[in-house]
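Geometric and topological summary
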Amino acid sequence: MHRYAKIPSLLGASLLALAGGTALAETAPAIVAASITTSDLVIAPQSVPAAPAGKLLTLTVDGVEMPLAPGHYTGNVALTVTDDIPVDYHKVMLHHFRAAAYVENGVLVPAKSVTAALSPQATASDGVLANAAITSHGERFNGIVVAGTGAYRIDHPVIEFTGNGGNDFAGYGAGIVATDDADVTIDRPIIRTTGAIRTAVFVGGNATVHVNDAEIEVRNGTLPPDYKFTVDMGKMMEVPWMLGLFGNVRATNLVGNGTVFYNRSHIRAQGWGAVSTDDSVRVRMYINDSLIETVDSGYGCYSIGDSIDTFAHSIVRAADVGCIMAAQGSVTFTDGTLVESGRFGVMMHSGEGGGSLRIDKGSHLRARETAIEVKGIGTTVLVDGATVQAGNGVILQSMDNDDPFMKAIMRGEIPAGMAAPPPGVAEADKKGPAPSPDVVATFRNTSLAGNFFNARSRNSAMILHFANARLAGQIATSTTAPALGKEPTAVTYREIGRVTNTAGFVAGSAGVEVFLDATSRWTVTGPSYLRALTLAPGARLESTRGKAVMQIDGKTVPIRPGTYRGAIIVN
C-alpha cells in the first residue's frame, strides 16, 4: 500500500520561550481595538487578547496564521481585527469565519480579510485574485471565501493548512469556499491540509465552481481529546465507522445546490474520502481527465440524495470503495474511466434508494472484493461497452444492510452517536413517490466472469437483462452470513460488507429474473436459482460441462426460446 510522504511547511514562525528575551517586547492589550503590527509581541498567560464586540481577531507571524495563544512572538507579527463573518448552519450552530481573503459580489472585502495572511506577491484586481500563498497553523481558519453573486477567478493559489477545521458541512476552516450564487474559476491551485475536517475545497449554496489543473492533498489530523464519536451533521469529525472506513478528513465537499467541475486535477486523501457530496438539495459533480485517490482508507466518491457524480476519462484509485451511493445518489463512469478499489467497487446503502449507477463507453470497474454491493435499497445499474471485475467473484450482490447503525435505525432505534436519522432515512427527507425496491441491472456489449446474488430477505427482486453480453457465472437467490461468522461491530468495522453466500431458494424472497437477448450467452458455473427466465431466439444457455439442465418446480424441461416462471434451477 502506498504511504504518505510528509508534506513540508512552506513557511515558518518564530515562537520564543516566554521566560526570556521579552524586555523590549510589546505586550498585547486585552482588547485590540485596531489592527497591530510589530516585530516583538508578548501574549501573557491568561491574558489572551480579544477583538471588540462584533469583530474577530487573528494572529499572524511572518504571514502565517497562528493559534491565538500565550507566547513570545518575533518577526513580522500582526494582530488583525476584521469584521465578523457569521455563518448560520441550518439554524443549529453559528460559526464565525475568519479568512485570508473574503470576496463578495466579485470584490475583495478588506474589512473581512486577514490580508496579513496573504503572501506579498498576491494581487487582487477586478474579479481576480492571483498568486495568493496562504499558510495556517491554527484551527478553523479559512483561506479564500467567495460569496454573493458574480464571476470570480482565483489563479494559482498555494494553500498549506495544519490544524483541525470546524465544520466540513459548512466549509468552516476549508482552504477555498464558494457559496451563495458565486460563479468561481480556480486555476492551478495547490492545496495541502493536515487536520481533521480541514477540507481543501468546499462548494455550497447555489455556487458553480470550475477547478482546473489542481493538486490537492489532505492528511488526517488529531481529534480533540474531548471528542466523542457522532454522525450528526456539523459535529462529525471522522468518517462513520459503519462504512467500514477510517480517517477524519474529506478532500472536497459539495452541498446544498452546488455544482462543481474538476478538470485535469489530482485529488488525494489519506483517509475518509476524496470527492464527497453531503447535506444535498440538488448537487452535480463532474470529474474530467483527473486522478482521484484515497491511500490508507476511504472512498473515491460519495453521492447522497439528489446528487449525480460523473467521471469522464478519469482514474479513481480507492483504498476501500471506489464510490458510495447513499439514498437517491447516482454515479456515472464514462469515456474510459478506470476505477480500482482495494475492497468494493461501488457500495450502495441508506434510505430506500432510487439512484442509478452507469458504467459505459470503455470504462473499467475493478474491485479486489465485490464489484457492486447493494445494501437494503432499490437501484438501477447499466453496464454498456464497459468491463466489471470482482476479485472475490461476485459481480453484483444485493443484501440486507449489515451496517449495525442502519439495522438499529430500521428497528426504530437511534443508536449512540446519532441525534437523528441521517439524510434520506427520516420521513421528512423522502421526496416524491417511493422508489422501487428492486435491483434492476442491464449488461450490454460486455463480457463478465462472476456471480450474481440476491440475498434480500423479502420485497426486493433482482432483475437482470443481458444484451449482446457474455456471462460465465452463477445467478441465484441466496442467504448471507458474515465472512468471519460474527456480526460486525465498531471493533471489527472492517468486516462490514464482507459476507458469504449460500445459494438456494429463500422463503419470502422476491427472487431473481433473467432476460437473455438473441446475441447473449450465459455459461452456468454453479447451481442457479431463479423465479423467471426469458430466452430470446438465438440466446445460448450452456454450462461449463457443455449442455445446461433446467428444472422448473422439480421437473426437468428442455431449454428452448421462451419465458419460464416458477422455481427454476439451472445447472
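Residues numbered from 1 in each chain as written. Predicted model: local features only at pLDDT ≥ 70, side-chain atom pairs only at ≥ 80, totals over all residues. Heavy atoms only, no water.

1. Examining the packing of aromatic side chains
Going through the model one piece at a time under the given rule, you end up with twelve aromatic pairs. Relative to phenylalanine 405, the ring of tryptophan 241 has its centre 5.9 Å away and its plane inclined at 80°; by these criteria the two rings are edge-to-face. Of the two residues, tryptophan 241 sits in the loop between β22 (215-219) and β23 (250-256) while phenylalanine 405 sits in helix α1 (residues 404-410), which places them 164 residues apart along the sequence. Seen in terms of ring centroids, phenylalanine 261 and tyrosine 286 are 4.7 Å apart; in terms of plane orientation they differ by 15°. Their pairing is stacked. One end of the pair, phenylalanine 261, is in strand β24 (residues 259-263); the other, tyrosine 286, is in strand β27 (residues 283-288), with 25 residues separating them in the sequence. Every member of this aromatic cluster is reached through a ring pair, and the members are Phe229, Trp241 and Phe405. Of note, arginine 250 hangs over the ring of phenylalanine 169, and the distance from its end group to the ring centre comes to 5.0 Å. (Phe/Tyr/Trp six-rings, centres within 6.5 Å; stacked < 30°, edge-to-face > 60°. Helix = DSSP H or I, 4+ residues; strand = E, 2+ residues; numbered from the N terminus. Lys NZ or Arg CZ within 6 Å of the ring centre and 35° of its normal.)

2. Some thoughts on the state of the cysteines
Per the counting criterion, the structure on display carries one disulfide. Here cysteine 301 is linked by a disulfide to cysteine 323, with a sulfur-sulfur distance of 1.9 Å. Where cysteine 301 bonds to cysteine 323 through sulfur, the torsion about that S-S bond is close to 125°, and the disulfide is right-handed. Taken together, the positions of cysteine 301 in strand β29 (residues 299-304) and cysteine 323 in strand β32 (residues 321-326) put the pair 22 residues apart, joining distant regions of the chain. Residue cysteine 301 shares its accessibility class with cysteine 323, and that shared class is buried. (Disulfide = S-S within 2.5 Å. Buried < 20%, exposed > 50% of the residue type's maximum accessible area, 1.4 Å probe, protein only.)

3. A closer look at the environment of phenylalanine 97
Positionally, phenylalanine 97 belongs in strand β8 (residues 93-97). Phenylalanine 97 gets classed as buried once you look at its relative accessible area, which sits at 3%. C-alpha of phenylalanine 97 to C-alpha of aspartate 84: the two residues are 13 residues apart in sequence and 7.0 Å apart in space. Beyond its immediate chain neighbours, meaning those up to four positions away, phenylalanine 97 contacts Leu56, Ile85, Val87, Asn142, Val145, Ala170, Gly171 and Tyr172. (Contact = heavy atoms within 4.5 Å.)

4. Observations regarding unusual backbone geometry
Its identity is not glycine, yet lysine 91 carries a phi of approximately 60°, on the positive side. Relative to the assigned elements, lysine 91 resides in the loop between β7 (85-89) and β8. At aspartate 180, a residue that is not glycine, the phi angle is positive and equals roughly 55°. Mapping aspartate 180 onto the fold places it in the loop between β17 (176-178) and β18 (183-187). For aspartate 180, a relative accessible area of 36% gives the class partly exposed.

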